[in-house]
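What follows is the residue order along each chain.
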Amino acid sequence: MRAFAAPALLAAACVVGRAVPLPAPAHPQDLRAAPSAPVTRAEREAFLSGANIVGEAELSSGARQPWRVSLDDGKRKHDATVQTSTSRDRSERDYRHNIAAYELDKALELNLVSPSVERTVNGQPAAVTWWVDDVLMDELTRRRQKIEPPDLEGWNRQVQAVRVFDELMANAYRKVSPASYLSTVWDNLLITRGWRIRLIDHTRTFGTARELENPESLTRCDRTLLNRLRQLNAGALKQQLGRYLTSEQLDALETRRALIVKCFDEQIASRGESAVLYDLPARQ
Ligand SMILES: Nc1ncnc2c1ncn2[C@@H]1O[C@H](COP(=O)(O)OP(=O)(O)O)[C@@H](O)[C@H]1O
Ligand SMILES: [Mg+2]
């Protein structure tokens, strides 16, 4: 987590408008020690929904969407990104997909996606997403620099869960073909200092394909994830995601969900449960 310690700097950033410079962050340790720091997903959601925007800045990419904000609820401070793009065109981005991805991650108890809530910003509906601190590198950097994870099996288990999730969402990012190995879309997978994966930027997800793109890459699955996938029927999906997705997107999602469950059930029948299922460590 992140803190902005100097009140004078904070006050200077209180003008709401684009590209107000953010104050320099204090050492991350400072906020970790704060007793009221939002830690659970519910606390982070409440903070993202209610805290005041006290500073805004462009991301280093210089793109207009998303942009970075500093939030302050009077007790604690943290950064977030704001995404307001609203296009149902598959070649464009939709802020609603960021929230739908987070809600789906919650329903699956995956804990890979950074919390994201819907909120009005500058008069526009937006996805406001928790800023991931302690980022060691993103996956594109890891691949370019050929950095091996310290715990390969633990890493592969996380990556396999990401793979299942990406097939479920029909993610236009994070394609697994060899040609896409060094695609810049892999910078949407962040790696924190403890080699934990955090997923961001789901603006181009929830495609309407009614088939899986790379079913052969689905070789293992976290046990809780598969159980949750079994339980997540069309009614539950509509209830939890209907606010953010069209009925066509929901129908396709339900079709892919059933295909993923079938894919793993067939493998369990042929290769045995212990070869297919594993348990990801508990995640916050
Ligand atoms: N919630 C976040 N936490 C940490 N870094 C982020 C977050 N959101 C975006 N970033 C950084 O900004 C970059 C661009 O943001 P992203 O949402 O992927 O937009 P785009 O790909 O459209 O430029 C990311 O690759 C990442 O480096
Ligand atoms: Mg991105």
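Residues numbered from 1 in each chain as written. Chains lettered and ligands numbered in written order. Predicted model: local features only at pLDDT ≥ 70, side-chain atom pairs only at ≥ 80, totals over all residues.

Peer 1: Quick one: what's the story with the overall build of the protein chain, residue by residue and with numbers?
Peer 2: Helix and strand counts for the protein chain stand at 10 helices and 10 strands. Restricting to contacts in the protein chain with at least 6 residues of sequence separation, those with at least 24 account for 66%. (Helix = DSSP H or I, 4+ residues; strand = E, 2+ residues; numbered from the N terminus. Contact = placed C-beta atoms within 7 Å.)

Peer 1: So, helix H9 (residues 247–271): which residues are in play, and what are the values?
Peer 2: With 25 residues, H9 extends 36 Å between its outermost C-alpha atoms, agreeing within 8% with the 36 Å of an ideal straight helix rising 1.5 Å per residue. Among all positions of H9, only Gln249, Leu253, Arg256, Arg257, Ile260 and Phe264 are buried. In this fold, the buried residues of H9 make contact with helix H6 (152–169), strand S9 (221–222), helix H7 (223–231), helix H8 (234–241) and helix H10 (273–276). (Expected span 1.5 Å × (residues − 1). Buried ≥ 20, exposed ≤ 12 C-beta atoms within 10 Å, placed from the backbone.)

Peer 1: Run through the environment of Leu189, naming residues and quoting values.
Peer 2: Within the element layout of this structure, Leu189 appears in strand S7 (residues 189–192). For Leu189, a count of 22 C-beta atoms within 10 Å puts it in the buried group. Not counting chain neighbours up to four residues away, the residues in contact with Leu189 comprise Asp138, Glu139, Val162, Arg174, Ile197 and Leu199.

Peer 1: Please set out the site of ligand 1 residue by residue, giving values where relevant.
Peer 2: Residues in close proximity to ligand 1 total 17 residues, the closest being Thr81, Trp131, Val132, Asp187 and Asp201. Residues of the shell around ligand 1, tallied by class, amount to 9 nonpolar, 5 polar and 3 charged. When residues of the shell around ligand 1 are sorted by domain, at least three fall in each of domain 1 (7–130) and domain 2 (135–278). (Near = placed C-beta within 6 Å. Nonpolar A, V, L, I, M, F, W, Y, C, P; charged D, E, K, R; others polar. Domains from an automatic or database assignment.)

Peer 1: Could you give an account of the sheet that holds strand S8 (residues 197–199), naming the residues involved and the relevant values?
Peer 2: A sheet is described by the order of its strands in space; here 3 strands give the open sequence S6-S7-S8, paired in antiparallel fashion. For this open sheet the edge positions go to strand S6 (135–138) and S8, each flanked by a neighbour on one side alone. Across the sheet, the axes of successive neighbouring strands diverge by a mean angle of 35 degrees, strand direction being ignored. In the sheet, S7 pairs with S8 via 3 bridges, with the strands oriented antiparallel. Bridge pairing links Leu189 to Leu199 in S8. (Pairing = 2+ DSSP bridges. Axes fitted to C-alpha atoms, helices over the stretch in contact; angles between N-to-C directions.)

Peer 1: Could you give an account of the sheet that holds strand S5 (residues 124–130), with specific residues and numbers?
Peer 2: Strand order in this open sheet of 5 strands is S1-S2-S3-S5-S4, and the pairing throughout is antiparallel. Of all strands in the sheet, those with a lone pairing partner are strand S1 (52–57) and strand S4 (116–121), marking the two edges. Mean inter-strand twist for the sheet, computed between neighbouring axes without regard to direction, equals 40 degrees. Inspection of the sheet shows strand S3 (residues 77–83) paired to S5 by 4 bridges, in the antiparallel sense. Each residue of the ladder has a partner; that of Gln83, found in S5, is Ala127. Of the strands in this sheet, strand S2 (67–72), S3, S4 and S5 are in contact with helix H3 (residues 41–50), which crosses S4 at around 10 degrees.

Peer 1: Tell me about the packing of H6 against H9, residues and numbers included.
Peer 2: Helix packing geometry: the angle between the two helix axes and the distance between the axes. One way to put it is that H6 packs onto H9 with a least axis distance of 8 Å and a crossing angle of 140 degrees. Residues Val164, Glu167 and Leu168 of H6 lie in contact with H9, whose contacting residues are Leu253, Arg256, Arg257 and Ile260. Grouping the amino acids of the contact of H6 with H9 by side-chain chemistry returns 4 nonpolar, no polar and 3 charged.

Peer 1: Before we move on, can you summarise the environment of Thr120 with the specific residues and values?
Peer 2: Summarising the element assignment, Thr120 is placed in strand S4. Residue classification places Thr120 among the exposed positions, given that 10 C-beta atoms sit within 10 Å. Taking the C-alpha atoms as reference points, Thr120 and Thr84, 36 residues apart in sequence, are found 9.1 Å from one another. Other than its neighbours up to four places away in sequence, Thr120 contacts Pro125 and Ala126.

Peer 1: Lay out the pairing of S7 in plain terms, naming residues and giving numbers.
Peer 2: Across 3 bridges, the pairing between S6 and S7 is antiparallel. Following the sheet pairing, Val135 is matched in S7 by Thr192.

Peer 1: Describe unusual backbone geometry, with residues and values.
Peer 2: A cis geometry characterises the amide bond from Gln65 onward to Pro66, with omega recorded as -10 degrees. Its identity is not glycine, yet Arg174 carries a phi of approximately 55 degrees, on the positive side. Structurally, Arg174 can be placed in the loop between H6 and S7. A residue is classified by how many C-beta atoms lie within 10 Å of it, and Arg174, with 20 of them, is buried. Even without being a glycine, Trp195 presents a positive backbone phi close to 60 degrees. Of the residues examined, Trp195 has 14 C-beta atoms within 10 Å and is grouped as partly exposed.

Peer 1: I'd like to hear about the confidence of the model for the protein chain, residue by residue, with values.
Peer 2: Here the protein chain averages 87 in pLDDT, while 85% of its residues score no lower than 70. Contacts from residues 1–20, a stretch scored under 50 in pLDDT, to residues over four places away or in other chains number 51 contacts. In the predicted structure, residues 24–33 sits below a pLDDT of 50 and forms 18 contacts with residues beyond four places in sequence or in another chain. (pLDDT = per-residue confidence, 0-100.)

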